[in-house]
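This is what each chain is made of:
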Amino acid sequence: FLLVFALYLRTLSPTVLYLQDPKLLDAVMVQMQVAVLGITHPTGYPTYLMLTHLFTYLPIGDVAYRVNLGSAFYAALAVVAVYLAGLLLSKRVVAAAAGALAFGLGAALWSQAVIAEVYTLNALLVAATIGVLLLWRERRRDRYLLLSAFLMGLCLTNHLTSGLLLPAGFLLVALVDRSKLKDAGLLLKGAGLLLLGLTPYLYLPLRAAMDPPMDANNPTNFERFWYVVSGGNLTGSFFSFGPAELPGRMLFYGEHLLQNLPFLVVMVALTGAVVVLLRDRAAGIFLGFLF
C-alpha cells in the first residue's frame, strides 16, 4: 500500500484537470460533481460520489487535488485486495506481492489513480469481492458468502460491468459446494444483503429532489431513475456485441493487456493462469469466467 500510494502521490494531478473530449471529459466533470455532490451521467455512480466527497474536506491542496487523491487511495487499497486474493490462491507471499505490484504498477490502474475517475474504486470493490469469495472457499463459513452478496450490490452502484460478479459467484459456489445453492434461508439472506448493497442508489432521487448543481438527467421519477442506473445511452457500449464479434474483442483486450503490462509479465501471468486451471479447477474457472 505504502509503496504504490507514494508513487501515485508523486505523480498525482495537482489541480483541476484540463478538458479534452473524449479522453478527459468525464474526469474534469467528475471533479466538479464530487465537489458539489451533484449527479453524474449514467450510471450515476452514487457510491463514488459520496465516498470521494469526504476527501474534499481534507486540509491539503485545492478541492480538485483532494478529489484526485481519492482515486490514488482507492487504487492503493485495490492493490492490497489483489495481494490478499493472491495469497489465498497461492499461499506464497512473494507470488502474491509480485502479482499485486504488477497490477498496481501497470499503466491501466496507474493512469486512473492520478486523476478523478470511478475505475480505481471499481477495482477495489471487485478485488475485495473476489477475495471474500476465495476466503469463503478457504473457510466455508456462510458469513463470507453473505458479505460477498453485499459487496456485489455495492459494486453495481459503482459500475455496471461488475454485475458479472453475480453469475461468477454462483459458478464458484456450484463448483465448491453445490448444497449452498439449495439452502433457501442462505439464498434469502444473500438476496437481502445484495439489495442492501444497492441502497446507495437512493442517493440519486433524493439528491435530485434537492435541485443540486450539476444534476445530470434529473432522476426524480422512476423513468428517469431507471434510465440513469441502467446505463442510459451507455448500455450499448457495455453489451453491444455478440458471439460473432467475440474474437475481435478478445484481440482488442489482448492489445490493451500488452499496453498495460510488459510482455514478459503477461507471459508469466498466463502461465500462472494455466497452472491454476490445472491445479485448482474451481478457482481457475471462476477467475477465467471473469476474465
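Scroll up to find the structure this text is about.
Before going into details, it helps to say that this report is about the structure given with it.

Thresholds applied
- Residues numbered from 1 in each chain as written.
- Predicted model: local features only at pLDDT ≥ 70, side-chain atom pairs only at ≥ 80, totals over all residues.
- Heavy atoms only, no water.
- Axes fitted to C-alpha atoms, helices over the stretch in contact; angles between N-to-C directions.
- Helix = DSSP H or I, 4+ residues; strand = E, 2+ residues; numbered from the N terminus.
- Parallel < 35°, antiparallel > 145°, perpendicular 65-115°, else oblique.
- Left-handed = near helix turned anticlockwise from the far one by under 90°.
- Contact = heavy atoms within 4.5 Å.
- Nonpolar A, V, L, I, M, F, W, Y, C, P; charged D, E, K, R; others polar.
- Phe/Tyr/Trp six-rings, centres within 6.5 Å; stacked < 30°, edge-to-face > 60°.
- Buried < 20%, exposed > 50% of the residue type's maximum accessible area, 1.4 Å probe, protein only.
- Lys NZ or Arg CZ within 6 Å of the ring centre and 35° of its normal.

As a packed pair, helix α15 (residues 263–279) and helix α16 (residues 281–290) sit with axes 5 Å apart at the nearest point and diverge in direction by 130 degrees. One finds that α15 runs oblique with respect to α16. Seen along the crossing, α15 lies across α16 with a hand that is left-handed. For the pair formed by α15 and α16, the contact residues are V276, L277 and R279 on the first element and R281, A283, G284 and I285 on the second. Partitioned by chemical class, the residues of the contact of α15 with α16 number four nonpolar, one polar and two charged.

For the coordinates displayed, the defined rule picks out 10 aromatic pairs. Consider the rings of F1 and F73, whose centres lie 6.0 Å apart with planes at 85 degrees: the pair is edge-to-face. A residue pair is termed long-range when its members are at least 10 positions apart, and F1 in the segment before α1 (2–10) and F73 in helix α4 (residues 63–90) qualify at 72 residues. Classification of F1 by relative accessible area gives partly exposed; the value is 35%. Aromatic rings pair up to connect F1, F5, Y48, F55, F73 and Y74 into one cluster. The ring of Y227 carries R224 above its face, with NZ or CZ at 4.9 Å from the centroid.

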